[in-house]
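# What the coordinates show
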Amino acid sequence: MKVLVLGGVAAGTKIAAKIMREDRANEVTVLNKGKEISYVGCGLPYYVGHVIENREELIVNTPQKYEKLTGVKVLTEVEAVKVEPAEKSNCCRSENAGDKRIWI
């Protein structure tokens, strides 16, 4: 089964990992508009309040580490702009690579 998960923070990474645990033959891709995935959201007030000075201390997982651990493909800095269920495709925009189409 091919699955596309939109959003790579807490809920997105959890469901993607669960889908892969249930069947390693699944092809799961996570699209995330931002650079990071799995950051500690509850730590943001400490960062804003300068209790935590280094933003990287809030990062739990990098996309590369998460991919290696779960087998889920992660695309960061990619925004889903249109989902086309009948065609089983998703039109995406990436600041790094211009517009591109990702098939699911």
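Here the structure is a predicted model, which means the values were calculated and not measured. (Residues numbered from 1 in each chain as written. Predicted model: local features only at pLDDT ≥ 70, side-chain atom pairs only at ≥ 80, totals over all residues. Heavy atoms only, no water.)

Take the pairing of strand S2 (residues 27–32) next. Every regular strand shows the same layout, with side chains that alternate between the two sheet faces. Counting buried positions along S2 gives five out of six residues, so the element sits mostly inside the fold. Bridge count for strand S1 (residues 2–6) against S2 is five bridges, and the pairing is parallel. What sits directly across from leucine 6, in S2, is leucine 31. Sheet topology places S2 next to strand S5 (residues 73–76); four bridges connect them, and they run parallel. From the neighbouring strand, valine 30 faces S5, where its bridge partner is valine 74. (Buried < 20%, exposed > 50% of the residue type's maximum accessible area, 1.4 Å probe, protein only. Helix = DSSP H or I, 4+ residues; strand = E, 2+ residues; numbered from the N terminus. Pairing = 2+ DSSP bridges.)

A separate point is the sheet that holds S1. Strand order across the open sheet formed by three strands is S1-S2-S5, with parallel pairing between neighbours. Every interior strand has two partners, whereas the edge strands, S1 and S5, have only one. Neighbour-to-neighbour, the strand axes of the sheet open up by a mean angle of 15 degrees, direction not taken into account. (Axes fitted to C-alpha atoms, helices over the stretch in contact; angles between N-to-C directions.)

Turning next to the environment of leucine 75. Secondary-structure assignment places leucine 75 in strand S5. Leucine 75 gets classed as buried once you look at its relative accessible area, which sits at 19%.

All chains considered together, the criterion is met by four salt bridges. Lysine 18 serves as the salt-bridge partner of glutamate 22, at 2.8 Å between the closest nitrogen and oxygen. Highlighted residues: glutamate 22 and lysine 18, both in helix H1 (residues 10–22), separated by four residues, approximately one helical turn. What makes glutamate 22 exposed here is its relative accessible area of 59%. Between glutamate 79 and lysine 33 there is a salt bridge; the shortest N-O distance is 3.8 Å. Of this pair, glutamate 79 sits in strand S6 (residues 78–84) while lysine 33 is found in the loop between S2 and strand S3 (37–39), placing the two residues 46 residues apart along the sequence. Of the residues examined, glutamate 79 reaches a relative accessible area of 27% and is grouped as partly exposed. (Salt bridge = Lys/Arg side-chain N within 4 Å of Asp/Glu carboxyl O.)

A separate point is the environment of isoleucine 59. Relative to the helices and strands, isoleucine 59 resides in strand S4 (residues 59–61). Residues contacting isoleucine 59, with those up to four places away along its chain left out, are Glu36, Ile37, Ser38 and Tyr39. (Contact = heavy atoms within 4.5 Å.)

Take unusual backbone geometry next. The phi dihedral of histidine 50 falls on the positive side, at around 65 degrees, and the residue is not glycine. Tracing the backbone shows histidine 50 in the loop between helix H2 (44–48) and S4. Even without being glycine, glutamate 77 reaches a positive phi, approximately 55 degrees. Glutamate 77 sits in the partly exposed class, given a relative accessible area of 22%.

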